[in-house]
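Survey of secondary and tertiary structure
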Amino acid sequence: MEKQNILYILICFTLLFTSCKLSSGQEKKQTEENKKYSAFHPGEIWRDMEGAHINAHGGGIYYEDSTGTYYWYGEHKGKGSTAQVGINVYSSTDLYNWKKEGVALAVEKNHDSEITTGSVMERPKVIYNEKTEKYIMWFHLELKGQGYSAARTGLAVSDTPTSPFKYIRSYRPNAGEWPLNYKEEWKESLDGGDPEEWWTPKWHKALNEGMFVRRDFQEGQMARDMTVYVDKDGTAYHIHSSEENQTLHISELTDDYLNFTGKWKRVQVGGQNEAPAIFEKEGKYYMITSGLTGWDPNPARSFVADSIMGKWTALGNPAKGEDADKTFYSQSTFILPAQGKEDAFIFMADRWNPDNHIDGRYIWLPIEWENGKPVIRWKSEWDLSFFEDN
Ligand code: DGJ
């Protein structure tokens with residue numbers, strides 16, 4: 001080929017390449033401008049203000065009153081489910097448009113760290129402590145290479161909602177403390193010892209009568225799926241799946257929210273609840289959970305109580321309509337009170353994609369009420385005016 005022809009082909013390629021780059025740049029800009037949301041679109045890709053799919057799974061929201069800002073903390077997920085980055089945080093003032101603030105709690109490179117790359121960091125929840133003026137993050141922690149057997153709850157602290165949180169430690173809660181609703185005779189194993197074979201009538205009896213509580217009494221109770229909740233009087237509670245995921249535990253936290261007081265209760269013994277989320281309406285406390293099917297969806301459950309430590313009564317599956325038996329292919333993570341509106345609660349849930357976790361979707365739906373019970377109905381698009389019209 002002549003030199004001239006080669007030069008001509010090279011110029012053409014350069015022009016083509018430059019024009020492709022320019023047009024994709026324009027597209028990106030246009031996308032960002034067009035993606036100014038004014039509604040929720042459950043299950044669709046939800047982009048942050050830079051145009052990237054929001055990466056905050058199993059999340060929870062903290063609202064900062066003084067600035068009118070919501071902070072959404074959630075698990076950064078890659079293709080797999082272990083922690084490669086840590087806990088992300090996004091901010092928003094309207095709940096539709098989210099700015100990525102960065103990594104709130106980063107995994108640590110140090111192999112000896114409990115939050116080393118490849119550990120499991122799930123369901124982060126952040127609360128603010130008025131007395132210490134600290135932001136407190138609790139999350140479900142599993143140690144690297146141990147599957148889900150560590151069953152610990154992790155603690156991290158920060159001076160601001162977004163500045164990197166400092167990892168403090170992890171707990172097996174309530175070591176050496178019996179629950180409030182526990183009979184004296186349950187402190188000893190069943191006659192002939194606690195059964196090893198699962199699902200037999202004897203095993204069910206032993207479970208009800210605290211077999212796993214006494215097994216883990218010294219080391220501390222298992223803590224997997226979790227949330228934290230601050231009551232009106234400022235007392236904070238840590239709510240988690242325990243006893244091999246068979247029973248929920250609700251534990252009071254110390255005044256600084258950094259430790260467990262040792263006051264705790266077993267809730268829905270043998271009920272296999274995961275993904276707990278709590279809210280309060282007119283003096284009653286409501287809890288929404290899922291059943292226990294790994295990443296697969298199942299029918300949600302709801303409960304009501306007169307106090308956090310009170311007796312929780314089952315109200316049934318709050319999801320109604322088509323796909324209610326799968327909670328619209330999602331699993332609860334948090335119930336968000338929308339600010340400035342009375343009794344406006346948003347059910348936040350994850351539609352997991354275990355084959356490609358980064359593509360997990362967010363299902364946010366308004367909570368409605370029927371006969372005093374919370375109800376969730378599918379909506380492919382909705383906005384906050386829903387709470388004014390209903
Ligand atoms: C269900 C839990 O709700 C998730 O957070 C996660 O722990 C998966 N199980 C793991 O299988």
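Anything mentioned here points back to the structure above.
Note that the coordinates shown come from a computational prediction; the quantities given were computed from them, not determined experimentally.

Moving on: the environment of Glu388. For Glu388, the position within the fold is in helix α4 (residues 386–389). Taking C-alpha positions, Glu388 is 9.0 Å from Glu342, a pair spaced 46 residues apart along the chain.

Counted under the stated rule, the structure contains 22 salt bridges. Across the salt bridge formed by Lys284 and Asp306, the nearest N and O atoms sit 3.1 Å from each other. One end of the pair, Lys284, is in strand β14 (residues 284–290); the other, Asp306, is in the loop between β15 (301–305) and β16 (313–316), and 22 residues separate them in sequence. Across the pair Glu388 and Lys341 runs a salt bridge whose closest N-O atoms are separated by 2.5 Å. Taken as a pair, Glu388 in helix α4 and Lys341 in the loop between β18 (331–337) and β19 (345–351) lie far apart in primary sequence, 47 residues in all.

Before going further, it helps to spend a moment on the sheet that holds β14. Pairing in this open sheet of 4 strands is antiparallel, and the strands run β13-β14-β15-β16 from one edge to the other. Across the chains shown, the open sheet's two edge strands, defined by having one partner strand only, are β13 (274–281) and β16. With direction set aside, neighbouring strand axes in the sheet form an average angle of 25°. Where β15 and β16 come together, 3 bridges link them in antiparallel fashion. Directly across from Phe303, in β16, lies its bridge partner Ala314.

Attention now goes to the site of the ligand. Residues in close proximity to the ligand include Glu122, Arg123, Tyr148, Asp225, Glu274, Gly294, Trp295 and Gln331, which together make up its full environment. Between the ligand and the protein, one listed contact pairs an oxygen atom with a side-chain N or O atom of Glu122 at 2.7 Å. One of the side-chain N or O atoms of Asp225 is found 2.4 Å from an oxygen atom in the ligand. Relative to its unbound accessible area of 290 Å², the ligand is 89% covered by the protein chains. Per-class residue counts for the shell around the ligand are 2 nonpolar, 2 polar and 4 charged.

Parameters and conventions
Residues numbered from 1 in each chain as written. Predicted model: local features only at pLDDT ≥ 70, side-chain atom pairs only at ≥ 80, totals over all residues. Heavy atoms only, no water. Helix = DSSP H or I, 4+ residues; strand = E, 2+ residues; numbered from the N terminus. Salt bridge = Lys/Arg side-chain N within 4 Å of Asp/Glu carboxyl O. Pairing = 2+ DSSP bridges. Axes fitted to C-alpha atoms, helices over the stretch in contact; angles between N-to-C directions. Near = heavy atom within 4 Å. Polar contact = N/O pair within 3.5 Å; in protein donor to acceptor, adjacent residues only side chain to side chain. Areas by Shrake-Rupley, 256 points an atom, 1.4 Å probe, with all protein chains shown as cover. Nonpolar A, V, L, I, M, F, W, Y, C, P; charged D, E, K, R; others polar.

Remember that the coordinates give geometry; whether it matters functionally is a separate question.
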